[in-house]
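# Tertiary structure, described
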Amino acid sequence: MSEFTPTYVPSRRPARVVECQELTDGVVRLALRDSYIARHAKPAQFVNLYTKNAQRLSPRPFGVCEVDGDVFTLMFAVVGKGTEEFRHLRPGDTVDVLGPLGHGFNLREDADYLLVGGGLGVPPLIRAAQELSGHEGSTSTVLFGYRNVHFADAYASRYATQLQSIDESEGNVITLLDRWASQHGVAADADGALRPAAQGRRTVILTCGPLGMMKAVSAWAREHGLTVQASLEARMGCGFGTCVVCTVHTTRGILKTCVDGPVFDTAQLEGWEAAR
Ligand SMILES: Cc1cc2nc3c(=O)[nH]c(=O)nc-3n(C[C@H](O)[C@H](O)[C@H](O)COP(=O)(O)OP(=O)(O)OC[C@H]3O[C@@H](n4cnc5c(N)ncnc54)[C@H](O)[C@@H]3O)c2cc1C
Ligand code: FES
């Protein structure tokens with residue numbers, strides 16, 4: 001179901017910092033020069049960043065946000081020691097990287113894609129909008145929910161066919177999905193079958209963000225007969241399949257989020273049946 005991941009991934013190596021900018025309090029946009037990652041990173045694939053502190057052995061995984069020539073960008077929240085270190089990187093510095101890792105979103109089908117993101121789940125969706133902007137047969141509608149500052153809209157709007165965002169004072173991404181459904185004449189049937197106003201391309205939801213948000217999006221989609229690809233954010237150790245800390249229970253058995261995901265069809269995820 002997911003995009004094919006390149007079998008070859010170059011080994012860990014230093015990447016030069018091009019830009020490091022605080023978009024809003026505690027949210028950083030970091031641009032790094034690495035031609036292999038910039039050319040090969042599919043939407044929702046991630047990279048490992050390694051801190052310079054030898055006591056912090058584990059890499060920090062981040063979804064690729066945008067690519068441009070031989071530069072790729074990340075967007076991250078400062079939450080702990082690793083991200084605090086990366087926040088202080090300056091142009092010309094280097095940071096060790098590994099990637100791209102994992103399996104990204106499957107965008108092969110010509111479809112109307114709804115890109116539903118919350119908080120720091122937005123980077124892989126911006127990358128998806130960037131990729132879809134080059135697909136003639138598909139559209140991308142970005143629906144983002146924020147706590148307060150709409151820090152990623154300027155980047156997503158570079159690529160999206162349409163963008164709507166909301167913050168906690170007005171509602172959440174389910175509010176945006178309900179608005180989208182009424183604008184498009186889409187209603188939930190009792191049996192979960194989609195009733196679109198006009199027949200045409202399929203609508204496919206891509207989502208990334210807090211677990212509770214993604215489960216609510218998945219429940220909403222099921223009520224409306226839509227399928228969802230979710231990019232999961234599991235705790236990771238190695239990021240490439242050897243430590244087995246990132247397991248997820250699926251209908252295909254216990255899988256590793258880092259190599260079998262991070263993208264999964266939510267219909268395959270155990271424990272995602274709860275209604276919103
Ligand atoms: C596939 C994937 C993509 C991600 N993409 C992004 C992104 O685009 N932007 C963003 O802001 N965050 C993203 N995250 C979460 C990000 O990896 C963590 O916030 C980060 O590792 C925290 O590091 P720290 O040292 O500041 O925190 P600490 O709490 O000090 O970290 C301690 C350890 O726990 C791990 N850890 C802590 N929080 C998480 C977490 N939420 N997920 C996985 N490991 C964690 C760290 O990697 C580290 O090994 C992603 C996570 C995954 C799994
Ligand atoms: S993070 Fe090590 S196996 Fe997935």
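Residues numbered from 1 in each chain as written. Chains lettered and ligands numbered in written order. Predicted model: local features only at pLDDT ≥ 70, side-chain atom pairs only at ≥ 80, totals over all residues. Heavy atoms only, no water.

Named according to an unreviewed UniProt entry, the chain is 2-polyprenylphenol hydroxylase originating from Pseudoscardovia suis. Recorded in UniProt under Sequence similarities (unreviewed entry), the annotation for the chain is "Belongs to the PyrK family." (UniProt positions renumbered as here; feature names shortened; annotations may be inferred.)

### Structural notes on the nonpolar core
Among the nonpolar cores identified, the biggest contains 28 residues, and Leu115, Ile126, Phe144 and Leu206 are the most heavily contacted of them. Secondary structure elements with two or more residues in this core: β8 (112-118), α3 (122-132), β9 (139-146), α4 (153-156) and β13 (203-208). When residues of this core are assigned to their parent elements, the largest contribution, six residues, is made by α3. A domain-level breakdown of this core finds at least three residues from each of domain 1 (13-101) and domain 2 (111-230). (Core = buried A, V, L, I, M, F, W, Y, C linked by side-chain atoms within 4.5 Å. Buried < 20%, exposed > 50% of the residue type's maximum accessible area, 1.4 Å probe, protein only. Helix = DSSP H or I, 4+ residues; strand = E, 2+ residues; numbered from the N terminus. Domains from an automatic or database assignment.)

### Details of the domain arrangement of the chain
Partitioning the chain into structural domains gives domain 1 (13-101) and domain 2 (111-230). The straight-line distance from the C-alpha centre of domain 1 to that of domain 2 is 26 Å. Tallying the contact residues gives 17 residues for domain 1 and 15 residues for domain 2. Here domain 1 and domain 2 share an interface that buries about 1,300 Å² over both sides, 65% of which is from carbon and sulfur atoms. Sorting the residues of domain 1 by area buried against domain 2 places Pro43, Glu66 and Met75 first, and these three jointly supply 39% of that buried surface. On the surface where domain 1 and domain 2 come into contact, there are one salt bridge. Between Glu66 and Arg158 there is a salt bridge, with the nearest N and O atoms lying 2.7 Å from each other. (Contact = heavy atoms within 4.5 Å. Buried area = accessible area lost by both parts, 1.4 Å probe. Salt bridge = Lys/Arg side-chain N within 4 Å of Asp/Glu carboxyl O.)

### Considerations on the UniProt feature "binding site: [2Fe-2S] cluster" (unreviewed entry) in the chain
As recorded in UniProt, the feature "binding site: [2Fe-2S] cluster" (unreviewed entry) lies at Cys238, Cys243, Cys246 and Cys258. Across 21 residues of sequence, these annotated residues stay compact in space, with a maximum C-alpha separation of 10.2 Å. Within the secondary structure, Cys238 sits in the loop between β14 (227-231) and β15 (247-250). In this structure, Cys238 is in contact with Asn48, Pro59 and Cys243, ignoring residues within four places of it in sequence. Relative to the helices and strands, Cys243 is located in the loop between β14 and β15.

### Brief notes about the pairing of β8
Consecutive residues of a regular strand have side chains that alternate between opposite faces of the sheet. Of all the seven residues making up β8, six are buried; the element is thus mostly covered by neighbouring parts of the structure. Alignment of β8 against β9, held across seven bridges, turns out to be parallel. Bridge assignment links Val116 to a residue of β9, and that residue is Leu143. Where β8 meets β13, six bridges bridge the pair, whose relative direction is parallel. The residue of β13 that forms the bridge with Asp112 is Thr203. (Pairing = 2+ DSSP bridges.)

### Section: helix α6 (residues 211-223)
With 13 residues, α6 should cover 18 Å at 1.5 Å per step; its first-to-last C-alpha distance of 19 Å lies within 8% of that length. The inward-facing, buried residues of α6 abut β8, α5 (173-183), β13 and β14. At the C-terminal side of α6, Gly225 shows a positive phi close to 70°. (Expected span 1.5 Å × (residues − 1).)

### Points about α5
In an α-helix, one turn spans 3.6 residues, which is why side chains three or four residues apart end up on the same side. Among all positions of α5, only Val173, Ile174, Leu176, Leu177, Trp180 and Ala181 are buried. The buried residues of α5 occupy an angular sector of 155° when projected down its axis, which confines them to one face. Of the surrounding elements, those touching the buried residues of α5 are β8, β9, β10 (162-167), β13 and α6. Measuring from the backbone nitrogen of Ile174 back to the side-chain oxygen at the start of α5 gives 2.9 Å, which picks out Asn172 as the cap. Note on α5: the residue one or two positions beyond its end, Gly185, has a positive phi of about 65°. (Arc of directions from axis to C-beta. Polar contact = N/O pair within 3.5 Å; in protein donor to acceptor, adjacent residues only side chain to side chain.)

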